[in-house]
Amino acid sequence: MTATIDPTIIKERVLSPPARLSLTPPGSAPGLLDGAWWPRSRDLSRELPALVDVLDARWGRITRVTVNPAHWPVIPHKVPVPGRTVHVGWFAHEQDPHKLILLSYTAGRWDLLVIPPETGADAAARLMSAAATPGGLLTASGLMAGEDTTRDATETLSREEEWETDGGHASATAESPDPAGPSSSARGM
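These lines cover the structure that appears in this document, whether it is placed above or below. (Residues numbered from 1 in each chain as written. Predicted model: local features only at pLDDT ≥ 70, side-chain atom pairs only at ≥ 80, totals over all residues. Heavy atoms only, no water.)

1. Points about the environment of R58
- Within the secondary structure layout, R58 lies in helix 1 (residues 44-59).
- Residues R58 and P26, 32 residues apart in the sequence, show an inter-C-alpha distance of 9.2 Å. (Helix = DSSP H or I, 4+ residues; strand = E, 2+ residues; numbered from the N terminus.)

Now the structure itself:
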C-alpha cells in the first residue's frame, strides 16, 4: 500500500492559550519554589510550548524540563517549541510529584508548583499566591497538602452548616425536652 502526501497542504500549529503562571518577583529572597503553573491539561506536548514561551522572555532559553510521572500519563522525550526543541526527563522517586523543574544552560534552574488542571479557580489562586511568595519554605507537596486540608475543612464546615439549616442538631435540641426534665425542680419538694 502506498501513501501519498500532498505537499501543498500546510499543517498549521494550533496555538495554545497563554500559560497560567505566577512567579516570584525578580530579585526577591530565594525560596523552595519560584512560582506556580496551572496547566489546562495533563498533556505536556500541548502545555509546555506556552509555558516555555513565557519563561524564555523572563528567565532565558529553557532547554530541559523534568517532571515526576505520577501526574503525567505521557511524557514525551522532546517537545517542539518555536525555533527549537525542549528535552523532557522524568524522575519517579527523586522529584516531588507536584513540581516541574526547568533548566537553562545560561541562566540556571527554576522549580514550579504544578497545580492540577482540575483544580478550582479559588484553590488555584491560593496555591499560585503561596508558591510565588518570596522566601517560601513549603515544598510543592506541602502546599498541595495544605490546600487539601483547607478544602476538607471547608467541605466539612459546609456540610455542618447545611445540616444545621435543614433541621440538624440545633433544631433537635430546641424541640426535644431536657433530658434532666422537670425533675430537677421536683427534687426540692
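2. Concerning the pairing of strand 6 (residues 99-104)
- In terms of burial, strand 6 is largely enclosed, as 5 of its 6 residues are buried.
- As paired strands, strand 6 and strand 7 (residues 108-114) are joined by 6 bridges and run antiparallel to one another. When the bridges of strand 7 are listed, K99 appears paired with L113.
- The hairpin turn running from strand 6 into strand 7, its antiparallel successor, is 3 residues long. (Buried < 20%, exposed > 50% of the residue type's maximum accessible area, 1.4 Å probe, protein only. Pairing = 2+ DSSP bridges.)

3. Considerations on the nonpolar core
- Core analysis: the largest hydrophobic core is formed by 22 residues, its most contacted members being L100, L102 and L112.
- When residues of this core are traced back to their parent elements, those giving at least two are helix 1, strand 3 (64-67), strand 4 (78-81), strand 5 (84-90), strand 6 and strand 7.
- For this core, the element with the most residues is helix 1, which contributes 6 residues.
- L102 has contacts with L51, L55, W59, I62, R64, V65, G108, R109, W110 and L112, leaving out every residue within four places of it along the chain.
- The next biggest cluster of nonpolar side chains, apart from the first, holds 12 residues, and it includes L33, A36, L113 and L127. (Core = buried A, V, L, I, M, F, W, Y, C linked by side-chain atoms within 4.5 Å. Contact = heavy atoms within 4.5 Å.)

4. Focus on helix 1
- Buried residues of helix 1: L44, E47, L48, P49, A50, L51, V52, L55 and W59, and no others.
- The N-cap of helix 1, judged by a side-chain oxygen 3.1 Å from the amide nitrogen of S45 a few residues on, is D43.
- Positive backbone phi, approximately 105°, marks G60, located one or two places after helix 1. (Polar contact = N/O pair within 3.5 Å; in protein donor to acceptor, adjacent residues only side chain to side chain.)

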